[in-house]
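# Structure at a glance
Each chain, letter by letter, is given below.
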Amino acid sequence: MREHHNKKLSDSERENWLRLIRSENVGPVTFFRLLERYGSVENAITALPNLAQKGGRKNYKIANKSEAQSEIEKNYKSGANIIAWCEPNYPPLLRMTEGAPPVISVIGNLHLLQNTCVGIVGARNASVNGLNLARRMAADLGKGGYGCSDIMVTSGMARGIDTAAHQGSLETGTIAVLAG
């Protein structure tokens, strides 16, 4: 349904992607439906107030340009890159998921996002055996164990199993995901 365009966004396009996804009641599914219906993010932003009014909403708030510019500046100052769903550096497997985020912020080696990823997640209050198993599995996957190669261990940023997975894959590379 959603076609991958492999296109690098201009600064103004990136700003508009942020404006649309940060607008009231626009989540990932709505974002892509609007993009499909209106053909561009800019057209979707223009249509939103009228759509909201037809839906009975008054004083509908679209994220403004200064908010988007501020988010972009804060990301760049922290060393993060903002990557849109349509851009080549966006993780290909994430792109294929239903409800994929239209934009992500990434700090680190962008090329790692192109590897096949295996998620290791679990309890925050895991047993010692569970922590050791997660650490060992992550290390083995990163080193090409289990008949796998080019595997990137991905996990959240919680204590417990998530932390153990990252610790096990530090030598070979790991991706920590913080939802927002």
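In case you missed it, the structure is sitting above this.
The sections below set out a description of the structure shown in this document.

Mapped onto the elements of the fold, Arg95 is located in helix H5 (residues 92–95). Look at Arg95: it is buried, it has no salt bridge, and the nearest opposite charge is Glu87 at 8.3 Å.

So, on to the environment of Asn64. Structurally, the position occupied by Asn64 is in the loop between helix H3 (41–54) and helix H4 (65–77). A C-alpha to C-alpha distance of 9.2 Å links Asn64 and Leu20, two positions 44 residues apart in sequence. A polar atom in the side chain of Asn64 sits 2.8 Å from the backbone nitrogen of Glu67.

Think of an α-helix as turning once every 3.6 residues; residues three or four places apart then point the same way. For helix H1 (residues 11–21), a buried count of nine out of eleven residues is recorded, marking the element as mostly surrounded by other parts of the structure. Residues of H1 that are buried include every one of Glu13, Arg14, Glu15, Asn16, Trp17, Leu18, Arg19, Leu20 and Ile21, and no others. Tucked inside the fold, the buried residues of H1 contact helix H2 (28–38), H3, H4, strand S1 (81–84) and strand S2 (103–106).

Another aspect to go through is the layout of surface pockets. Within this model, the largest pocket holds a volume of roughly 1,100 Å³. Considering the residues around the largest pocket, the lining is formed by 36 residues, among which Ile104, Ser105, Ala176, Val177 and Leu178 are closest to the centre. Going through the elements one at a time, H1, H4, H5, S2 and strand S5 (174–176) are the ones with two or more residues in the lining of the largest pocket. Among the elements that line the lining of the largest pocket, the one with the most residues is S2, at four residues. Class assignment of the residues belonging to the lining of the largest pocket gives a composition of 24 nonpolar, ten polar and two charged.

Before going further, it helps to spend a moment on the pattern of salt bridges. On inspection of all chains with the given rule, the structure shows six salt bridges. Notably, a salt bridge pairs Glu13 with Lys7, separated by 2.6 Å at the nearest N-O pair. For Lys7, a relative accessible area of 37% gives the class partly exposed. Taking the shortest distance from any N to any O, the salt bridge between Glu71 and Arg22 comes out at 2.7 Å. You can see Glu71 sitting in helix H4 and its partner Arg22 sitting in the loop between H1 and H2, a full 49 residues away along the chain. Beyond isolated ion pairs, a larger network of salt bridges with shared partners links Lys8, Arg14 and Glu87.

The next point concerns the packing of H1 against H3. Two elements in contact, H1 and H3, have axes separated by 9 Å at closest approach and are oriented at 40 degrees. On the basis of the axis angle, H1 is oblique to H3. Handedness of the H1/H3 crossing: left-handed. Here H1 contributes Glu13, Asn16, Trp17, Arg19 and Leu20 to the contact with H3, which in turn contributes Val41, Glu42, Ala44, Ile45 and Leu48. Its residues placed into classes, the contact of H1 with H3 shows six nonpolar, one polar and three charged.

Thresholds applied
- Residues numbered from 1 in each chain as written.
- Predicted model: local features only at pLDDT ≥ 70, side-chain atom pairs only at ≥ 80, totals over all residues.
- Heavy atoms only, no water.
- Helix = DSSP H or I, 4+ residues; strand = E, 2+ residues; numbered from the N terminus.
- Buried < 20%, exposed > 50% of the residue type's maximum accessible area, 1.4 Å probe, protein only.
- Lys, Arg positive; Asp, Glu negative; His and termini not counted.
- Salt bridge = Lys/Arg side-chain N within 4 Å of Asp/Glu carboxyl O.
- Polar contact = N/O pair within 3.5 Å; in protein donor to acceptor, adjacent residues only side chain to side chain.
- Contact = heavy atoms within 4.5 Å.
- 1 Å grid on protein atoms, 1.4 Å probe; cavity = no way out; pocket = protein on both sides within 12 Å on 5 of 7 lines; lining within 4 Å.
- Points joined across faces, edges and corners; volume = space filled by probe spheres on them.
- Nonpolar A, V, L, I, M, F, W, Y, C, P; charged D, E, K, R; others polar.
- Axes fitted to C-alpha atoms, helices over the stretch in contact; angles between N-to-C directions.
- Parallel < 35°, antiparallel > 145°, perpendicular 65-115°, else oblique.
- Left-handed = near helix turned anticlockwise from the far one by under 90°.

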